[in-house]
Amino acid sequence: MTTAAASTIVLATSKPESLWTKARRRFFRHKLAMFGLVTLFLLIFVSVAAPLLTPYSPITLDLRAMRKAPTALHWLGTDGTGRDVLTRIFYAGRISLSVGLVSVSISMLIGIIIGSIAGYKGGKVDMFLMRLTDMFMTFPSLVIIITVAAAMGPSVYNAMLVIGLLTWPSIARLVRGQFLTLREQQFVRAARSIGVSDWEIIFKHIFPNTISSIAVAVTFGVANAILLEASLSFLGLGVQAPTPSWGNMLRDAQSLNILEDMPWMWLPPGLMIGLAVLSINFIGDGLRDALDPRSIL
């Protein structure tokens, strides 16, 4: 047997590479996505392992060490009540990242349900649900979130709930668009013809084909939620003292004296917000490029 014939046989018998395998390979080749993934992993690690990484408490006051510059004992200095800034940065990551994940989970649940029903049913159901979605999208989201947060009272749980309940419209429209396209495909018509129920078609046949688009939207949603939480906490409507979050750490450092002479009080939390949002956006960019059907054929 010749070498060419042997190569032909090997190629013919080898299993073709799946689209998910190609997408995974493309994602891990995306340098910015890898940077974002490593950075996000480090942020999560230092947040979860904070009690093991620092000997200080994030809420215990030490009035003898107020507003001290960085030293060997306090690597990022102390704040206006003597608390270690590095310790509060670590513990604040728990709050800020948790708010992002929980609020996006709420918005995803609402958006997926509304978008899938509207896109699959069409007609009057689609008209009603989309007009409801348009009504939510008409108003500036940040203004509405601030108003509702002020009415409900400031707390971390209210921040999660408010952000989640008011950021679902974009997800709903994305899912609706996917369902409008997929509901006319042959596999959906075949499922209908053999008597498969609408709910089973929606969640077992159509929804799995929308996961790639939803995964990308989730990453950008988490980044947006972290920014919204920081904005609410900065305005005093989010996480309340003494619980640290990156947003309320910036609020505590907003005086002109601190901004000019004590950068260790506002620069670290600002950088952490920037790193978290940037890393999640890089991951979203990598997922979008990797899952693009035109790129993985």
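Residues numbered from 1 in each chain as written. Predicted model: local features only at pLDDT ≥ 70, side-chain atom pairs only at ≥ 80, totals over all residues. Heavy atoms only, no water.

Q: Tell me about the packing of aromatic side chains, and please be specific about residues and values.
A: The description of an aromatic ring pair rests on the distance of the ring centres and on the angle between the ring planes. Under the criterion given, the structure shown has five aromatic pairs. An aromatic cluster of at least three residues, connected via ring pairs, comprises Trp199, Phe203 and Phe207. (Phe/Tyr/Trp six-rings, centres within 6.5 Å; stacked < 30°, edge-to-face > 60°.)

Q: Give a detailed account of the confidence of the model for the protein, specifying residues and quantitative values.
A: The predicted coordinates of low-pLDDT regions are not to be read in fine detail. The predicted model of the protein has a mean per-residue pLDDT of 85, with 92% of residues at 70 or higher. Taken element by element, the protein is modelled with least confidence in helix α1 (residues 3-13), mean pLDDT 49, and with most confidence in helix α3 (residues 31-48), mean pLDDT 93. (pLDDT = per-residue confidence, 0-100. Helix = DSSP H or I, 4+ residues; strand = E, 2+ residues; numbered from the N terminus.)

Q: Tell me about the environment of Val162, and name the residues and values.
A: Inspection of the secondary structure puts Val162 in helix α8 (residues 156-166). When the C-alpha positions of Val162 and Thr147 are compared, they lie 9.9 Å apart, and in sequence the two are 15 residues distant.

Q: Quick one: what's the story with a nonpolar patch on the surface, residue by residue and with numbers?
A: Together, Val38, Phe41, Leu42, Phe45, Leu52 and Leu53 give the surface a local cluster of nonpolar side chains, amounting to about 650 Å² of exposed area. Listing elements by their share of the nonpolar patch, those giving two or more residues are α3 and α4 (50-53). For the nonpolar patch, the leading source of residues is α3, giving four residues. Its place among the elements puts Val38 in helix α3. (Patch = residues over 30% accessible without salt bridge, like charges linked within 9 Å, V, L, I, M, F, W, Y side chains within 5 Å. Areas by Shrake-Rupley, 256 points an atom, 1.4 Å probe, with all protein chains shown as cover. Salt bridge = Lys/Arg side-chain N within 4 Å of Asp/Glu carboxyl O.)

Q: Summarise the packing of helix α5 (residues 85-121) against helix α12 (residues 211-234); cite the residues concerned and give the values.
A: Look at α5 against α12: their axes get within 8 Å of each other, and the N-to-C directions meet at 130°. In terms of orientation, α5 and α12 fall into the oblique class. Judged by the sense of rotation from one axis to the other, the crossing of α5 with α12 is right-handed. Judged by residue contacts, Ser96, Leu97, Val99, Gly100, Leu101, Ser103, Val104, Met108 and Ile112 of α5 engage Ile214, Ala217, Val218, Gly221, Val222, Ala225, Ile226 and Glu229 from α12. By residue class, the composition of the contact of α5 with α12 is twelve nonpolar, four polar and one charged. (Axes fitted to C-alpha atoms, helices over the stretch in contact; angles between N-to-C directions. Parallel < 35°, antiparallel > 145°, perpendicular 65-115°, else oblique. Left-handed = near helix turned anticlockwise from the far one by under 90°. Contact = heavy atoms within 4.5 Å. Nonpolar A, V, L, I, M, F, W, Y, C, P; charged D, E, K, R; others polar.)

Q: Got a sec to walk through the side chain of Thr219? Specific residues and values, please.
A: Tracing the sequence through the fold places Thr219 in helix α12. Setting aside residues up to four positions removed in sequence, Thr219 forms contacts with Ile280, Ile283, Gly284 and Leu287.

Q: So what about the pattern of salt bridges? Which residues, and what values?
A: Tallied over the full model, the rule gives 13 salt bridges. In this structure, Arg64 engages Asp62 in a salt bridge whose closest nitrogen and oxygen atoms are separated by 3.5 Å. Assessed through its relative accessible area of 26%, Asp62 is described here as partly exposed. With a closest N to O distance of 3.3 Å, Asp285 and Arg288 form a salt bridge. (Buried < 20%, exposed > 50% of the residue type's maximum accessible area, 1.4 Å probe, protein only.)

Q: Account for the environment of Val188, with residues named and values stated.
A: Summarising the element assignment, Val188 is placed in helix α10 (residues 186-193). Classification of Val188 by relative accessible area gives buried; the value is 0%. With 78 residues separating them along the chain, Val188 and Ile110 place their C-alpha atoms 23 Å apart. In this structure Val188 touches Tyr120, Leu182, Arg183, Ile201 and Ile206, once residues within four positions along its chain are discounted.

Q: Mind laying out the side chain of Thr133, listing which residues take part and the relevant values?
A: By the element assignment, Thr133 lies in helix α6 (residues 123-138). A polar contact of 2.9 Å, which involves the side chain of Thr133, links it to the backbone oxygen of Leu129. Contacts of Thr133, omitting those with residues within four sequence positions, involve Ile114, Trp168, Pro169, Ala172 and Arg173. (Polar contact = N/O pair within 3.5 Å; in protein donor to acceptor, adjacent residues only side chain to side chain.)

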